[in-house]
Amino acid sequence: MPVLCVNVDHVATLRQARMGIEPEPATAAYMAEMAGAVGIITHLREDRRHIQDRDVEMIRKTCNTRLHFEMAATAEMQGIALDIDPETVCLVPEKREELTTEGGLNCVGREAELKEFLAPLHAKGIRSSLFIDADPAQIEAANTIGAEFIEIHTGHYADAKEINERNVELSRILDGIRQARNLGLKVNLGHGLNYRNILAFKNVPGISEYSIGHSIMARAIYVGLDRAVRDMAEIIRTFVD
Ligand code: PXP
């Protein structure tokens, strides 16, 4: 059965808006686990715009499920990941000026470099994922790199305004899932997924995890975090394997 992993970055976004002490991402992570999340995701960005180093440390200490650490492929982040020892890392691209992660990581032509980057993490037993677009060349490259998972970037699908554009993006993702599965890669999906657009994947086999943050935190403002996570977990529970 596919599962829900909850990204708590936006709890930190709210706190950092006042550079204060609340709300606390580690508490949100704990509540998300109680409501059905099977993993907690944080992205420690190079510019520390939301999650701070102490958040990752606290969540590492208090996480009862698994910690999925999103990171840029930099020496600094590699060192932090080796210290924190999350269950999984996901390599993501980072640009300082972007509002959020805008596209997938470019893996084509970087196969040897990224394989080498991941080697010390793999040696420590940390499993890896690559956040990529549903592009056949990127999926091939991810397979060469030897990550266990790919996370297909669903943002273009989620952001599409026109139905035709949305269908094209959805088909790309579905083709990508098939290609990755044929290569033996495990597939996660994430970015921009909400309580409605996720339903397109209900009958799609072969998805391991959904990585969701913004829509859950947005709903939590109205109904509370417990209910917002439960609502999403319940939807995913009806999905095929
Ligand atoms: N997956 C990755 C790699 C991301 O960078 C993000 C955003 O931080 C997400 C998933 C979650 O996206 P959203 O917050 O839109 O649900």
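Right, let's walk through the structure included here. Keep in mind that this is a model prediction, so the values were computed, not measured.

### A word on the packing of helix 4 (residues 75-84) against helix 5 (residues 111-123)
In a pair of packed helices, the angle between the axes and the distance between the axes together describe the arrangement.
Part 1 of the argument: The interhelical angle for the contact between helix 4 and helix 5, taken along N-to-C directions, is 15°, at an axis separation of 10 Å. Between helix 4 and helix 5, the interaxial angle falls into the category roughly parallel. With respect to the hand of their crossing, helix 4 and helix 5 are arranged in right-handed fashion. Across from Ala75, Gln78, Ala81 and Leu82 in helix 4, the residues of helix 5 making contact are Phe117, Pro120 and Leu121.
Part 2 of the argument: Split into classes, the residues belonging to the contact of helix 4 with helix 5 amount to 6 nonpolar, 1 polar and no charged.

### Regarding a nonpolar patch on the surface
Part 1 of the argument: A surface patch of nonpolar side chains, amounting to about 300 Å² of accessible area, comprises Tyr30, Met31 and Met34.
Part 2 of the argument: Checked against the element boundaries, methionine 31 lands in helix 2 (residues 25-34).
Part 3 of the argument: Judged by relative accessible area, which is 32%, methionine 31 ranks as partly exposed.

### A few points about the side chain of aspartate 9
Part 1 of the argument: Within the element layout of this structure, aspartate 9 appears in helix 1 (residues 9-17).
Part 2 of the argument: Despite being buried, aspartate 9 has no salt bridge partner; arginine 45 is the closest side chain of opposite charge, sitting 7.1 Å away.
Part 3 of the argument: At a separation of 2.9 Å, a polar atom in the side chain of aspartate 9 contacts the main-chain amide nitrogen of histidine 43.
Part 4 of the argument: Excluding residues within four positions of it along the chain, aspartate 9 makes contact with Ile41, Thr42, His43, His50 and Ile51.

### So, helix 3 (residues 53-62)
Part 1 of the argument: When helix 3 is considered as a whole, its buried residues turn out to be Asp55, Val56 and Ile59. End-on view of helix 3: buried residues confined to an arc of 95°, all on one side of the axis.
Part 2 of the argument: The inward-facing, buried residues of helix 3 contact helix 1, helix 2, strand 2 (39-43), strand 3 (67-71) and helix 4.

### Brief notes about the environment of serine 128
Part 1 of the argument: Within the fold, serine 128 resides in strand 5 (residues 127-132).
Part 2 of the argument: Each C-alpha atom of the pair serine 128 and phenylalanine 69 lies 9.5 Å from the other, and the pair is 59 residues apart in sequence.
Part 3 of the argument: Side chain to side chain, serine 128 and histidine 122 meet in a polar contact 2.7 Å long.

### As for helix 4
Two residues of an α-helix separated by three or four positions point the same way, owing to the 3.6 residues in each turn.
Part 1 of the argument: Residues of helix 4 that are buried: Met77, Gln78, Ile80, Ala81 and Ile84. Looking down the long axis of helix 4, one finds its buried residues gathered within 165° of arc, a one-sided arrangement. In helix 4, the exposed positions that point more than 90 degrees away from the buried face belong to Ala75 and Asp83.
Part 2 of the argument: Positive backbone phi, at 60°, marks aspartate 85, one or two positions downstream of helix 4.

### Topic: the packing of aromatic side chains
Part 1 of the argument: According to the stated counting rule, one finds 2 aromatic pairs in the structure shown.
Part 2 of the argument: Ring geometry for tyrosine 157 and phenylalanine 201: centres 5.6 Å apart, planes at 75°, overall edge-to-face. Note that tyrosine 157 is positioned in helix 7 (residues 155-159) and phenylalanine 201 in the loop between strand 7 (186-190) and strand 8 (209-212), a separation of 44 residues in sequence.
Part 3 of the argument: Residue classification places tyrosine 157 among the buried positions, given a relative accessible area of 3%.
Part 4 of the argument: The class of phenylalanine 201 is buried, set by a relative accessible area of 0%.
Part 5 of the argument: Measuring from centroid to centroid gives 5.8 Å for tyrosine 210 and phenylalanine 239, while their planes differ by 80°, and the two rings are edge-to-face. A residue pair is termed long-range when its members are at least 10 positions apart, and tyrosine 210 in strand 8 and phenylalanine 239 in the segment after helix 10 (225-237) qualify at 29 residues.
Part 6 of the argument: Overall, tyrosine 210 belongs to the buried group, its relative accessible area being 0%.
Part 7 of the argument: A relative accessible area of 5% means that phenylalanine 239 is categorised as buried.
Part 8 of the argument: For the cation-ring pair, arginine 166 lies above tyrosine 157, with the distance from its terminal atom to the ring centre recorded as 5.8 Å.
Part 9 of the argument: The ring of tyrosine 195 carries arginine 219 above its face, with NZ or CZ at 3.5 Å from the centroid.

Reading the values: the criteria
Residues numbered from 1 in each chain as written. Predicted model: local features only at pLDDT ≥ 70, side-chain atom pairs only at ≥ 80, totals over all residues. Heavy atoms only, no water. Axes fitted to C-alpha atoms, helices over the stretch in contact; angles between N-to-C directions. Helix = DSSP H or I, 4+ residues; strand = E, 2+ residues; numbered from the N terminus. Parallel < 35°, antiparallel > 145°, perpendicular 65-115°, else oblique. Left-handed = near helix turned anticlockwise from the far one by under 90°. Contact = heavy atoms within 4.5 Å. Nonpolar A, V, L, I, M, F, W, Y, C, P; charged D, E, K, R; others polar. Patch = residues over 30% accessible without salt bridge, like charges linked within 9 Å, V, L, I, M, F, W, Y side chains within 5 Å. Areas by Shrake-Rupley, 256 points an atom, 1.4 Å probe, with all protein chains shown as cover. Salt bridge = Lys/Arg side-chain N within 4 Å of Asp/Glu carboxyl O. Buried < 20%, exposed > 50% of the residue type's maximum accessible area, 1.4 Å probe, protein only. Lys, Arg positive; Asp, Glu negative; His and termini not counted. Polar contact = N/O pair within 3.5 Å; in protein donor to acceptor, adjacent residues only side chain to side chain. Arc of directions from axis to C-beta. Phe/Tyr/Trp six-rings, centres within 6.5 Å; stacked < 30°, edge-to-face > 60°. Lys NZ or Arg CZ within 6 Å of the ring centre and 35° of its normal.

Everything listed here is a matter of geometry and, on its own, says nothing about what the molecule does.
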